[in-house]
Amino acid sequence: RRFETLTSFVMISRSLKESLLSLSISLSLSLSLSPSFSDEAQTNIAVEREWKEKLQRQSSVDREELAMLRADAIHVNELKSSLKQLQRENEDLKRSCREQEMALVELGDHLSRSKVKAEELKHSTDMMKDSKWANDKEIENCQLCKKAFSVARRKHHCRNCGGIFCHQCSDNTMPLPSSARPLRVCDRCHDVLLERSIKK
């Protein structure tokens, strides 16, 4: 609005200049035709000159203010552009932080599962150290129910402790770290492994 006011003022100043110039010419003609109005004409010319100088000074000030307003407008537009760019960068940073937080959560879950598997593997390894794969020729009876093996009662190895048992005492399957599919285990190992899985 101030810019529009200054523009209007400049236009009015130009119009006044033209009017004063016409008046000056008219006064000069009047002086040449009527010497009796010489004093009054000179006074009018002095007043006209003073107004003209004032208008020139004001016009110069108005031009400077107009230039400053234009410079301020350019600076404001630059600040708006910078603000929009910063807002976009802020949104990108927020999105990146959310993605990294999700990745950290997934990594934490993966580490927890890996820790559990490592503990299971360690426990199984410890059990394997304590256990020994029994020799078929040395074992004549089921190591749990003590019944003698025969053609009808066959021998079965427990894949966890390595002992030899009858079918009735080893009719279980459990997932073991050493295999991707469940394997045969004896009743005693089945109870131990099942209790451990429940505790987890």
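Everything here concerns the structure above.
Throughout this document, residue positions are counted from 1 along each chain, in the order its sequence is written. Local features in this predicted model are restricted to residues of pLDDT 70 or higher, and side-chain atom pairs are both shown and tallied only at a pLDDT of 80 or more, whereas totals for entire chains, interfaces and linings draw on every residue. Only heavy atoms go into the side-chain values, all of them from the structure, while hydrogens and water stay out.

(A) Structural detail: the overall build of the protein chain. Across its full length, the protein chain holds three helices and four strands. Written out in order from the N terminus, the α and β elements of the protein chain read α-α-β-β-β-β-α. Considering only intrachain contacts with a sequence separation of at least 6, the fraction spanning at least 24 residues in the protein chain is 42%. Only DSSP runs of H or I covering at least 4 residues are called helices, and only runs of E covering at least 2 are called strands; the numbering of each starts at the N terminus. Should any heavy atoms of two residues lie within 4.5 Å, those residues are counted as being in contact.

(B) Fine view of the nonpolar core. If you look at the biggest cluster of nonpolar residues, it comprises 17 residues, and the most contacted ones within it are Cys158, Phe165 and Val185. Where this core is concerned, the elements lending two or more residues are β2 (164-165), β4 (183-185) and α3 (187-199). Once you skip the residues sitting within four places of it in the chain, Val185 turns out to touch Cys158, Asn160, Ser170, Asp171, Asn172, Met174, Leu176, His190 and Leu193. Here the nonpolar core consists of buried residues drawn from Ala, Val, Leu, Ile, Met, Phe, Trp, Tyr and Cys, with membership extended through side-chain atoms lying within 4.5 Å. Exposure is judged per residue with a 1.4 Å probe applied to protein chains only, and the accessible area is read against the type maximum: over 50% gives exposed, under 20% gives buried, and values in between give partly exposed.

(C) Molecular detail of the packing of aromatic side chains. Pairing of aromatic side chains requires ring centres within 6.5 Å, counting the rings of Phe and Tyr and the six-membered ring of Trp. Pairs whose planes differ by under 30 degrees are stacked, by over 60 edge-to-face, and all others tilted. What the rule picks out here adds up to zero aromatic pairs. Consider the ring centre and the ring normal. A charge sits over the ring if Lys NZ or Arg CZ is within 6 Å of that centre and within 35 degrees of that normal. Its end group placed over the ring of Trp51, Lys54 keeps NZ or CZ at 5.7 Å from the ring centre.

(D) The pattern of salt bridges, seen in detail. Just to be clear on terms, a salt bridge is a Lys or Arg side-chain nitrogen sitting within 4 Å of an Asp or Glu carboxyl oxygen. Summed over the entire model, instances satisfying the criterion amount to two salt bridges. Between Lys54 and Glu50 there is a salt bridge; the shortest N-O distance is 3.7 Å. Placement of both Lys54 and Glu50 in helix α2 (residues 38-130) is noted, with a separation of four residues, approximately one turn of the helix. Its relative accessible area of 40% is what places Lys54 among the partly exposed residues. One salt bridge connects Asp92 with Arg95, and the closest N-O pair in it is separated by 2.5 Å. Taken together, the residues Asp92 and Arg95, both in helix α2 and three residues apart, mark about one turn of the helix. Taking relative accessible area as the criterion, Arg95 reaches 39% and is therefore assigned partly exposed.

(E) The state of the cysteines, seen in detail. Disulfides are defined as pairs of cysteine sulfur atoms found within 2.5 Å of each other. Tallied over the entire structure, the rule returns zero disulfides. Residue Cys169 stays outside any disulfide, its sulfur separated by 3.6 Å from that of Cys166, the closest cysteine. Residue classification places Cys169 among the buried residues on the basis of a relative accessible area of 8%. In this structure Cys189 is not part of a disulfide, and its nearest cysteine sulfur, from Cys186, lies 3.5 Å away. Taking relative accessible area as the criterion, Cys189 reaches 5% and is therefore assigned buried.

(F) Representation of the side chain of Asn172. Within the secondary structure layout, Asn172 lies in strand β3 (residues 172-174). Residue Asn172 is classed as buried on the basis of its relative accessible area, which comes to 16%. Here a polar contact is taken to be a pair of N or O atoms separated by no more than 3.5 Å, where protein atoms must pair a possible hydrogen donor with a possible acceptor and residues adjacent in sequence count only if both atoms sit in side chains. There is a polar contact of 2.6 Å between the side chain of Asn172 and the side chain of Asp187. Among all residues touching Asn172, those that are not within four sequence positions of it are Leu183, Arg184, Val185, Cys186, Asp187 and His190.

(G) Summary view of unusual backbone geometry. Of note, the phi angle at Lys146 is positive, near 70°, even though the residue is not glycine. Looking at the secondary structure, you find Lys146 in the loop between α2 and β1 (156-157).

(H) Structural view of the side chain of His157. In this fold, His157 is placed in strand β1. A distance of 3.4 Å separates the side chain of His157 from the side chain of Trp133, its partner in a polar contact. For His157, the contacting residues outside a window of four places in its chain are Trp133, Ala134, Asp136, Gly162, Gly163, Ile164 and Arg184.

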